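# Coordinate inspection notes
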Amino acid sequence: TGTFEYDVTELTAALKAGQAQGRSIGLVALLVKATGLLMEQHPRMNRHVFHRWWKKLEVDFGKISCTLVVLREGPGGEDILFPVLLEEPHTRSVDSIHAEIKHYKTAELSSLPQIQAFERIKKMPPLLMRWFSYKARSDPNFYLRYFGTYGLSSMITRDWGGIGGTALANTGSGFQPGVIRDEPKVVDGEIVIRKMLRLNVIADHYLLDGMDVLRAMQDLRPLLETTQL
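Per chain, residues are indexed from 1 in the order of the written sequence. This being a predicted model, a pLDDT of at least 70 is required before a residue's local features are given, and a value of 80 or more before pairs of side-chain atoms are given or counted; all residues contribute to the totals for chains, interfaces and linings. Only hydrogens and water are set aside; all other atoms, that is, all heavy atoms of the structure, feed into the side-chain values.

### Digging into the overall build of the protein
A run of H or I in DSSP becomes a helix once it reaches four residues, and a run of E becomes a strand once it reaches two; helices and strands are each numbered from the N terminus. Scanning the protein from N- to C-terminus turns up seven helices and nine strands. Its C-alpha radius of gyration of 18 Å places the protein within 12% of the 17 Å reference for a compact globule of 229 residues. Taken along the three principal axes of its C-alpha coordinates, the protein extends 60 × 45 × 30 Å. Taking all 229 residues of the protein together, 45% fall into the buried category. Between two residues, a contact is recorded if the distance between any of their heavy atoms is within 4.5 Å. Nonlocal contacts in the protein, meaning residues at least 24 apart in sequence, comprise 62% of its contacts between residues at least 6 apart. If you sum the accessible surface of the protein, you get close to 12,300 Å²; carbon and sulfur atoms cover 54% of it. Here the radius of gyration uses the C-alpha set of atoms, whereas the globule reference equals 2.2 Å times the residue count to the power 0.38. Buried means the residue's accessible area, taken with a 1.4 Å probe over protein chains only, is under 20% of the maximum for its type, while exposed means over 50%, and partly exposed covers the values in between. Using the Shrake-Rupley algorithm and a 1.4 Å probe, accessible areas are obtained, with residue cover drawn only from the displayed protein chains.

Quick look at the structure:
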């Protein structure tokens with residue numbers, strides 16, 4: 001795991017300007033798009049290691065799909081986390097990604113296939129749950145169908161909070177945005193207030209070493225420190 005910091009002052013300003021012009025876009029959709037483009041630039045981060053009884057299997061999926069972890073409030077006021085699979089985010093507009101996320105954030109919970117699947121899982125016998133777990137860690141096609149090729153959390157906080165490092169550890173690589181905060185920075189010799197995003201990255205060390213991750217996160221900088229939406 002590693003934590004990186006990005007100056008998203010221009011990006012958030014462009015986001016507000018786009019919203020003022022009537023575009024339905026959001027910061028999470030921007031992060032989905034940016035990380036999808038990053039997977040295209042760094043295909044090793046888009047791979048996954050599967051653990052079979054007799055060997056490890058490294059898989060190149062040949063496609064990019066983001067599993068976005070979404071937070072909703074349940075009927076009893078409880079927090080419900082569930083995955084939303086966003087196909088080929090690097091080829092899509094921010095607007096279309098945002099529209100899909102918005103659907104899962106606003107639709108009746110009981111109508112969502114993920115919530116329906118949770119209800120079925122609750123009724124699974126323990127032996128079937130073991131089979132599901134084995135398939136998820138050993139079968140690339142099964143994993144791709146339910147979990148995508150990389151993970152991203154949608155839970156961004158403003159001005160407070162920290163970030164963890166294990167929630168997306170079952171992916172080849174995963175991203176956890178932590179906090180956006182106004183902070184003093186030196187720009188052209190002057191102290192100015194900038195909006196800074198802290199982003200946690202989780203990577204499978206079997207596939208990637210520290211320099212691979214560092215180069216990828218450096219290449220993420222121009223995708224986030226931009227006004228292009």
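### Let's talk about the packing of helix H5 (residues 126-138) against helix H6 (residues 140-147)
Running from N to C, H5 and H6 point in directions that differ by 100°, and their axes come no closer than 6 Å. When the interaxial angle is binned, H5 and H6 end up roughly perpendicular. Residue-level inspection shows Trp131, Phe132, Lys135, Ala136 and Ser138 of H5 in contact with H6, the latter providing Pro140, Phe142, Tyr143 and Phe147. Looking at the contact of H5 with H6 residue by residue, the class counts come to seven nonpolar, one polar and one charged. What counts as an axis is a line fitted to C-alpha atoms, over the stretch in contact for a helix, and the angles between N-to-C directions run from 0 to 180 degrees. For classification, angles of less than 35 degrees are called roughly parallel, those exceeding 145 degrees roughly antiparallel, those between 65 and 115 degrees roughly perpendicular, and all remaining angles oblique. Three residue categories are used. Nonpolar comprises Ala, Val, Leu, Ile, Met, Phe, Trp, Tyr, Cys and Pro, charged comprises Asp, Glu, Lys and Arg, and polar comprises the others, including Gly.

### Details of the pattern of salt bridges
Salt bridges, as used here, are contacts in which a Lys or Arg side-chain nitrogen is within 4 Å of a carboxyl oxygen on Asp or Glu. Inspection of the entire model under this criterion finds 17 salt bridges. Glu58 is the partner of Arg44 in a salt bridge, and the nearest nitrogen-oxygen pair spans 3.2 Å. You can see Arg44 sitting in the loop between helix H2 (27-41) and strand E2 (48-51) and its partner Glu58 sitting in strand E3 (residues 56-59), a full 14 residues away along the chain. What makes Glu58 partly exposed here is its relative accessible area of 33%. Where Lys195 meets Asp182, a salt bridge forms, and the shortest distance between an N and an O atom there is 2.9 Å. Placement of the pair is Lys195 in strand E9 (residues 190-203) and Asp182 in strand E8 (residues 173-187), with a sequence separation of 13 residues.

### Describing the side chain of Ser173
In this structure, Ser173 sits in strand E8. Any N or O atom pair separated by 3.5 Å or less is treated as a polar contact, with the protein-specific requirement of one donor-capable and one acceptor-capable atom, and with residues adjacent in sequence counted only for side-chain atom pairs. There is a polar contact of 2.6 Å between the side chain of Ser173 and the backbone oxygen of Met45. Filtering out sequence-adjacent residues up to four positions away, Ser173 remains in contact with Met39, Met45, Tyr150, Gly151, Ile202 and Ala203.

### Observations regarding unusual backbone geometry
Phi is positive for Glu88, which is not a glycine, with a value near 45°. Topologically, Glu88 is positioned in the loop between strand E5 (79-87) and helix H3 (94-106). According to the relative accessible area criterion, Glu88 is partly exposed, its value standing at 25%.

### Side note on H2
In this analysis, the expected span of each helix is defined as 1.5 Å times one less than the number of residues it contains. Taking 1.5 Å per residue, 15 residues should reach 21 Å; H2 reaches 21 Å between its end C-alpha atoms and fits that length. Within the span of H2, buried status applies to Leu27, Val28, Ala29, Leu30, Leu31, Val32, Lys33, Ala34, Thr35, Gly36, Leu38 and Met39.

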